[in-house]
Amino acid sequence: MASHDHTLNCLLPLLFIIFISFSHGSPTPLRKLESAITIRKVNRRGPYIGLVTVFETEEDAFLGSVDFRPDPTRPFMDLSGRRFRIGKIHGKKVVYVRCGIGMVNAAAATQQMIDVFNVKGIVHFGIAGNINNSMSIGDNPDKAKGGEDVAYLDVGNYNVPRGDGKNELGTIGYSYEELYSVNGPINSPQKVFWINTTQEWLHLAAGLEKMELLQCVNASLCLPEKPKLVVGLKAATADIFVDNAAYRTFLYNSFGVSSSDMESSAVAMTCVSNGYPIIVIRGLSDLAGVGDNTVRKFGSLAATNTAKAVLEFIKKLPSSHNTNPYV
C-alpha cells in the first residue's frame, strides 16, 4: 500500500488483521452422548485393524472386493464428515475410512481413527506416482550445503536454455520433521527425515512378493509386463502432485525414493507418534512426468492390485495380534 504526501514519497508498512468466523453448528450434547454410546458398543467388539485409503478409485477397488464383509448391526459410523466402515476381512475385524487427498486430511483421519476406535494398528494403502526409472536424464544429486537441510534443490540447475545457473527462485531446502512420540520425552521432539514402518509387519508382507497381480484393465488394455509386488522401498510424501521428469530424477538421485504420494508419511508419522503399528502399501500407477495419461488408463488397475495386496496381508495377520503395548 503506497502513501503519498506533498513533501516525500514513502512506502508505509501496514498491519492487516483478518478476523475469520465460522458459523457451523456444534453437535448437541444429546448427539454427542448417542455417538459415545454407539462407539462404546462398537469398540467392545474390537480390537480392529484400521484401514486408511485416500480417494474414490481406491475405495471402489477395495469395497468391490467380496472379502470385505460389512458388520450386519453397525456397518458404518459417520464422524467429522467421513464415513468409517466397520466389518471383517478373512475373519479379521477392520475399520475402514477414506481420508481424502493431502497430508492434513491423512493425519486428521488417522488420528481420529486412533482416538475413537479400538484399533491395534493401521494399514494405509492407495496408488502413487513412480519415481524410480532408468536415471537417464538429470544432473547428479544436489547435496546439502550445510545447515539444517538434508538436501536442496538448486532451481538454477534446471534453466532452459542452460545459462549461468542463476534463477529468481533460488534454492529449496528439505529439512527434518519434529516427531513427538509416546516413546520419547515430553515436549522434546526427535528430528527425523524418514519414518519407518513396523518391521514385524514389513517382514510379514515380504511373504507376498510372489503373489499374482492383474495385468489387464480389460481385454484390450494391458500392461506390457506382468506387475510385481516389492517390499521395503522408500517413498516420498508432500502436498505436491509430481508431474515433472526433471524433478522426478532429482527426487530419486537425492533421496533414493521409488514412489511419490501426498498422504503416506502423514499417516505413518501419526501412527509412530501414538505408538501404533503401521504399514504402507502403494500401487504405482504412472511414471511421474511422462505426460502420457497413464494414471487415467491404469490407475484403476493399480488400485485393484493394491486392494488385493491389502486383503492378502490382512489374511496373514495372526487373529490375536496385539503389537501395540499402549492400548
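Conventions used here
- Residues numbered from 1 in each chain as written.
- Predicted model: local features only at pLDDT ≥ 70, side-chain atom pairs only at ≥ 80, totals over all residues.
- Heavy atoms only, no water.
- Patch = residues over 30% accessible without salt bridge, like charges linked within 9 Å, V, L, I, M, F, W, Y side chains within 5 Å.
- Areas by Shrake-Rupley, 256 points an atom, 1.4 Å probe, with all protein chains shown as cover.
- Salt bridge = Lys/Arg side-chain N within 4 Å of Asp/Glu carboxyl O.
- Lys, Arg positive; Asp, Glu negative; His and termini not counted.
- Charge placed at Lys NZ, Arg CZ, Asp CG, Glu CD.
- Helix = DSSP H or I, 4+ residues; strand = E, 2+ residues; numbered from the N terminus.
- Expected span 1.5 Å × (residues − 1).
- Buried < 20%, exposed > 50% of the residue type's maximum accessible area, 1.4 Å probe, protein only.
- Arc of directions from axis to C-beta.
- Contact = heavy atoms within 4.5 Å.
- Disulfide = S-S within 2.5 Å.
- Axes fitted to C-alpha atoms, helices over the stretch in contact; angles between N-to-C directions.
- Left-handed = near helix turned anticlockwise from the far one by under 90°.
- Nonpolar A, V, L, I, M, F, W, Y, C, P; charged D, E, K, R; others polar.
- Bend = angle between axes of the 7 residues up to and from the residue.
- Pairing = 2+ DSSP bridges.
- Polar contact = N/O pair within 3.5 Å; in protein donor to acceptor, adjacent residues only side chain to side chain.
- Parallel < 35°, antiparallel > 145°, perpendicular 65-115°, else oblique.

The name given to the protein chain in an unreviewed UniProt entry is Bark storage protein A-like isoform X2, and the organism recorded there is Camelina sativa.

Colleague: I would appreciate a short explanation of a positive patch on the surface in the present structure.
Modeller: Among the surface-exposed residues, Arg40, Lys41, Arg44 and Arg74 lie close enough to one another that they form a single positively charged patch. Locating lysine 41 in the fold gives a position in helix H1 (residues 29–44).

Colleague: Looking at this model, I keep getting lost on H1. Mind explaining?
Modeller: Residue pairs three or four apart in sequence face the same way in an α-helix, which turns once every 3.6 residues. Look at H1: 23 Å from first C-alpha to last across 16 residues, which is about the 22 Å you get at 1.5 Å a residue. Within H1, the full set of buried residues consists of Thr38, Ile39, Val42 and Asn43. In an axial view of H1, the angular spread of the buried residues amounts to 130 degrees, which keeps them on one side of the axis. Exposed residues pointing more than 90 degrees away from the buried face of H1 are listed as Pro29, Leu30 and Arg44. Tucked inside the fold, the buried residues of H1 contact strand E3 (48–53), strand E5 (76–79), strand E6 (82–89) and helix H3 (103–116).

Colleague: Looking at this structure, I do not really get the pattern of salt bridges. What am I missing?
Modeller: Opposite charge on two side chains allows them to pair when their charged atoms are near. In total, this model carries 7 salt bridges according to the counting rule given. Of the charged contacts in the structure, one is a salt bridge between glutamate 56 and arginine 98, with a shortest N-O distance of 3.6 Å. With a gap of 42 residues between them, glutamate 56 in helix H2 (residues 56–63) and arginine 98 in strand E7 (residues 92–98) connect regions that are remote in the sequence. The class for glutamate 56 is partly exposed, based on a relative accessible area of 44%. Residue classification places arginine 98 among the partly exposed residues on the basis of a relative accessible area of 29%. Several salt bridges converge on common partners, so that one network encompasses Glu56, Glu59 and Arg98.

Colleague: When you look at the state of the cysteines in this model, what are you seeing that I'm missing?
Modeller: One covalent bond between the sulfur atoms of two cysteine residues makes up a disulfide. Tallying each qualifying case throughout the model produces 1 disulfide. Covalent S-S linkage joins cysteine 216 and cysteine 222, the inter-sulfur distance amounting to 1.9 Å. Handedness here is read from the sign of the S-S torsion; for cysteine 216 and cysteine 222, about 105 degrees, the answer is right-handed. Here cysteine 222 falls in the partly exposed class, since its relative accessible area comes to 32%.

Colleague: Looking at this structure, how should I read the packing of H3 against helix H6 (residues 264–274)?
Modeller: The angle between the axes and the distance between the axes are what describe a pair of packed helices. Relative to each other, H3 and H6 sit at 35 degrees, their axes nearing to 8 Å. Here H3 and H6 pass one another in a crossing that is right-handed. Contacts between H3 and H6 pair Met103, Ala106, Ala107, Thr110, Gln111 and Ile114 from the former with Ser265, Ala266, Val267, Thr270, Cys271 and Asn274 from the latter. Counted by class, the contact of H3 with H6 contains 7 nonpolar, 5 polar and no charged residues.

Colleague: Would you explain helix H7 (residues 294–316) in this entry?
Modeller: Between its terminal C-alpha atoms H7 stretches 32 Å, which fits the 33 Å expected from 23 residues at 1.5 Å a residue. The axis of H7 is deflected most strongly, by about 30 degrees, at serine 300.

Colleague: What should I look at first to understand unusual backbone geometry in this one?
Modeller: Apart from glycine, the bulk of residues carry a negative phi angle, and the bulk of peptide bonds sit in the trans form. Of note, the bond from glycine 46 into proline 47 is cis; its omega dihedral lies within 30 degrees of zero at 10 degrees. Examined against the element boundaries, proline 47 turns out to sit in the loop between H1 and E3. Unlike most non-glycine residues, histidine 90 shows phi in positive territory, near 50 degrees. Relative to the helices and strands, histidine 90 resides in the loop between E6 and E7. For histidine 90, a relative accessible area of 31% translates into the label partly exposed.

Colleague: Could you clarify how one ought to interpret the pairing of strand E9 (residues 151–154) in this entry?
Modeller: Regular strands show a simple pattern: their side chains alternate between the two faces of the sheet. Covered by surrounding structure in E9 are Ala151 and Leu153 together with Tyr152 and Asp154, the residues of both alternating faces. Across 4 bridges, E9 lies against strand E10 (residues 171–174) in antiparallel orientation. The partner of tyrosine 152 across the bridge, within E10, is glycine 173.

Colleague: Explain the side chain of serine 258 to me, please; I cannot follow it from the model alone.
Modeller: Relative to the helices and strands, serine 258 is located in the loop between helix H5 (245–255) and strand E16 (259–261). For serine 258, a relative accessible area of 7% gives the class buried. Among the polar contacts listed, one links the side chain of serine 258 to the side chain of asparagine 132, at a separation of 3.3 Å. Ignoring anything within four residues of it in the chain, the contact list for serine 258 reads Gly129, Asn130, Ile131, Asn132, Leu233, Lys234 and Leu284.

Colleague: Got a minute to help me understand the environment of leucine 221 in this structure?
Modeller: If you trace the backbone, leucine 221 turns up in strand E14 (residues 221–222). In sequence terms leucine 221 and lysine 297 are 76 residues apart; their C-alpha atoms lie 8.2 Å from each other. If near-sequence neighbours (up to four positions away) are discounted, leucine 221 is found in contact with Cys216, Lys297 and Phe298.

Colleague: Even after reading the chapter, I still don't get the packing of H2 against H7, so can you show me in this structure?
Modeller: One can describe the packing of H2 onto H7 by two numbers: an axis separation of 8 Å at closest approach and a directional angle of 50 degrees. Taken together, the axes of H2 and H7 are oblique relative to one another. Judged by the twist between their axes, the crossing of H2 over H7 is right-handed. Together, Thr57, Glu58, Ala61 and Phe62 of H2 and Gly299, Ser300, Ala303, Thr304, Ala307 and Leu311 of H7 make up the contact between the two elements. Residue composition of the contact of H2 with H7, by class: 5 nonpolar, 4 polar and 1 charged.

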